[in-house]
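Listed below, chain by chain, are the residues.
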Amino acid sequence: MEKYYDVIVIGAGHAGCEAAHAAARIGASTLLITMDMNKIAQMSCNPAIGGIAKGQIVREIDALGGAMGHVTDATTIQFRMLNRSKGPAMWSPRAQCDRGKFIWAWREVLENTPNLHIWQDQVRRLIVEDSPGTQGSLAKTRPDAQSPNAETHLEAQSPIAESSSVCSDCVATKTAVGVETYLGMTFRAKSIILTAGTFLNGLMHIGRVKLPGGRCAEPPSLELAESIAQHGIRVARMKTGTPVRIDARSVDFSLMTEQPGDTEGRKFSYYPFSSPASEGAASFGSNKSSYNVIHSTSSLQGVAGESCGLPSLPCWITYTNEAVHERLRAGLPDSPLYNGQIQSIGPRYCPSIETKLVTFPDKDQHQLFLEPEGTNTNEYYLNGFSSSLPIEVQIEALRLIPAFRNLEIYRPGYAIEYDFFDPTQLHHSLESRVISGLFLAGQVNGTTGYEEAAGQGLIAGINAARHCTGQDSLVLQRDQAYIGVLIDDLVCKGVDEPYRMFTSRAEYRILLRQDNADARLTEIGHRMGLASSERLYHYLKKKEEVERIIRFAEDFSVKMGDVNALLEQLGTAPLARGCKLRELLGRPQISIGNLAPALPHLRQLIDTIAERQDEIVEEAEIQIKYSGYIAREVEQAEKMHRLENIRIRGRFDYSTLQSISTEGRQKLTAHDPETLAQASRIPGVSPSDINVLLVLLGR
Ligand SMILES: Cc1cc2nc3c(=O)[nH]c(=O)nc-3n(C[C@H](O)[C@H](O)[C@H](O)COP(=O)(O)OP(=O)(O)OC[C@H]3O[C@@H](n4cnc5c(N)ncnc54)[C@H](O)[C@@H]3O)c2cc1C
């Protein structure tokens, strides 16, 4: 049986869900094929979304109109804003989620997304044909028009000139046109997105036991990677691991330290209502066709400004000790990481407990977090104890921790090796440079983490849909989004270990804050047809209120008599003369909140903000306090944009440029960067190589 779509997404993990949701919501008729519908958006490792730098990515996904923020809010059992003691560039939201409800919340979103069909099956092979030459002609691979709405809407989108990355000079000689499945189905499409995660030739390890699998109790995907690699896409191996899951009834919680969540009701989504199903229900602007109204009796529906309403559950802290370490060390000869069984590279920053012992032999304890998996389960996740040691070693070692004396586990920790594809063979749109019409997102590009996968999935979904009608791709810049940094790093630098996002990877951290992702991306998401008109409306209202506060702070003169007593109370010098409110807010001890009781006009202004008062005041305050740093980064970003605008692909035969270093020549030939800015970020290309190119370009 053969069927036709605009976009096919292989795999419903975190990348696949966002990709399918985005493509369908934009208007492309989309098919999501996944092995097991009951494992949609399964969190393979810890049941938590966000964290340092990752939380910023989730906020960006949400601002663009993706669903991860909504789903997280609907299933949160503990929310914390990490790094609150540091500057706002470092604040990072993190939510512990109910693992089971997260899956069902995603299913509900996907099952109610117009233009989206789900098919439970396993893809065996990618169908690839010789390329007819141009992108537009891909439409010929599909004989009928399945989705008239989709076509109309896709054609109505305006190209985004500033973010175009389509390379007219380099046409892939192959084109992906469809997939074949194990159930004997053939599906054809104009764009295909591969998001198969850790499943490609997955091999699990527990001690000396080796089991083929994509994840615990799930089969691997065995033939698919070969069907792609045979066309010249480079493939390599990586590994990752996960800890034991514990039965809470066997734990003595009185011997651990409780770690509660934040008490303020924060959430991930900027949209004031917690449900993606309610987003798009009314129309305020021009983009009416972007999201058909869903009349869902959604269990996700929430209340403005509040999170989902699941009870907040604490996490628990305990430590390993010398006796535990001794037992683990005795098991090392059976560790697949240390007996040669596993050869591939794992995530350095997320080491197994055995790696921690070997790397830090002097440490006499390691911190462990016991994290609940949900509201109606006894299953707990032991963060910090990832291991692929034999099952008996894992259990015996843990029983040497007082709180775990009587420990029973549901599942052991294990490691997994899997295939990924070299991301330097991608365009910034996430389309393959080797096989046109094939987009790759998530773990298959060498990244690790749900958020990194989802961010790529969203971009792949948008661009795969736009590819169907030959529209320019959306490419986010490094000063626009962590997602932009992530994709640019993958494409320009490649990966030699599982890539996860850190704040240190972003050179414009003050611009890429978790509080302002809506300001950076909502309008772009709306232009793409993804962020609803209501979302845009709420963002514009917020922007107006923030600007009102900033204007007030610039204009309002503070008199000494009004504030000096308060300033002394707050431990900061009294005013020697009057000053503008903005100047006073520059002091670290001073906030709008603590000045408001002394300044009735300021209080009145704040009281006129009807919705999301705290969020708006906080945003205005950050902008006022950090205006100097923000202006400096904007200036630096503008300088980089000048290089970003100089297109070099196809303009040089690098091998003949003797004035460039040998390494620079090799790297430039291998990567063939699109712009001079991208060239400057390739490891091995020196600033003097860039200067030579500038001279040759006559600049
Ligand atoms: C054991 C383990 C430990 C991990 N530990 C960590 C960690 O410590 N920290 C961290 O950040 N990340 C960790 N991860 C990685 C994290 O789970 C992934 O980064 C994230 O899930 C990647 O999302 P994805 O969408 O790319 O793929 P996945 O979430 O893996 O989803 C892939 C989807 O594709 C489907 N699929 C695969 N092949 C086919 C096919 N041929 N046909 C149809 N469907 C297919 C699967 O059924 C699945 O739904 C771990 C993963 C595993 C398995």
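Residues numbered from 1 in each chain as written. Predicted model: local features only at pLDDT ≥ 70, side-chain atom pairs only at ≥ 80, totals over all residues.

**A word on the overall build of the protein**
- Broken down by element type, the protein carries 22 helices and 23 strands.
- The buried share of the protein, reckoned over its 699 residues, is 51%.
- Considering only residue pairs separated by 6 or more positions, the protein has 78% of its internal contacts joining residues 24 or more positions apart. (Helix = DSSP H or I, 4+ residues; strand = E, 2+ residues; numbered from the N terminus. Buried ≥ 20, exposed ≤ 12 C-beta atoms within 10 Å, placed from the backbone. Contact = placed C-beta atoms within 7 Å.)

**Side note on the environment of tyrosine 654**
- Inspection of the secondary structure assignment puts tyrosine 654 in the loop between helix H19 (627–644) and helix H20 (662–671).
- As for tyrosine 654 and glycine 664, which are separated by ten residues in sequence, their C-alpha atoms are 8.7 Å apart.

**A look at the pairing of strand S17 (residues 379–383)**
- Note that strand S13 (residues 245–247) and S17 share three bridges and pair antiparallel. Bridging across to S17, isoleucine 246 finds its partner in tyrosine 380.
- Taken together, the four bridges between strand S16 (residues 367–372) and S17 define a ladder with antiparallel strand orientation. Of the residues in S17, the one forming a bridge with glutamate 371 is tyrosine 381.
- Linking S16 to S17, which pair antiparallel, is a turn of six residues. (Pairing = 2+ DSSP bridges.)

**Quick look at the site of the ligand**
- Taken together, 37 residues sit near the ligand, with Gly11, Gly13, Cys45, Gly197 and Gly442 positioned nearest.
- Listing elements by their share of the shell around the ligand, those giving two or more residues are helix H1 (14–26), strand S2 (30–34), strand S12 (235–242) and helix H10 (450–468).
- Along the lines of polarity and charge, the residues of the shell around the ligand split into 14 nonpolar, 19 polar and four charged. (Near = placed C-beta within 6 Å. Nonpolar A, V, L, I, M, F, W, Y, C, P; charged D, E, K, R; others polar.)

**Focus: the packing of helix H3 (residues 68–75) against helix H4 (residues 99–111)**
- Two elements in contact, H3 and H4, have axes separated by 9 Å at closest approach and are oriented at 135 degrees. Here H3 is positioned oblique relative to H4, judged by the angle of their axes. Read as a crossing pair, H3 and H4 show a hand that is right-handed. In this structure, H3 contributes Val71, Ala74 and Thr75 to the contact, and H4 contributes Lys101, Phe102, Ala105, Trp106 and Val109. (Axes fitted to C-alpha atoms, helices over the stretch in contact; angles between N-to-C directions. Parallel < 35°, antiparallel > 145°, perpendicular 65-115°, else oblique. Left-handed = near helix turned anticlockwise from the far one by under 90°.)

**As for unusual backbone geometry**
- In this structure, alanine 41 takes a positive phi of about 55 degrees despite not being glycine.
- When you line up the elements, alanine 41 lands in the loop between S2 and strand S3 (48–50).
- Overall, the presence of 26 C-beta atoms within 10 Å leaves alanine 41 in the buried class.
- In the Ramachandran plot, asparagine 201 falls in the positive-phi region, its phi being about 50 degrees despite a non-glycine side chain.
- Within the fold, asparagine 201 resides in the loop between strand S9 (186–194) and strand S10 (203–206).

**A few points about the nonpolar core**
- Core analysis: the largest hydrophobic core is formed by 133 residues, its most contacted members being Val7, Ile8 and Ile193.
- Residues within four places of valine 7 in sequence aside, it is in contact with Ala23, Ala28, Thr30, Ala189, Ser191, Ile193, Ala464, Ala465 and Cys468.
- Core analysis: the next-biggest nonpolar cluster, separate from the first, contains 24 residues, Val244, Cys315, Tyr381 and Phe404 among them. (Core = buried A, V, L, I, M, F, W, Y, C linked by C-beta atoms within 7 Å.)

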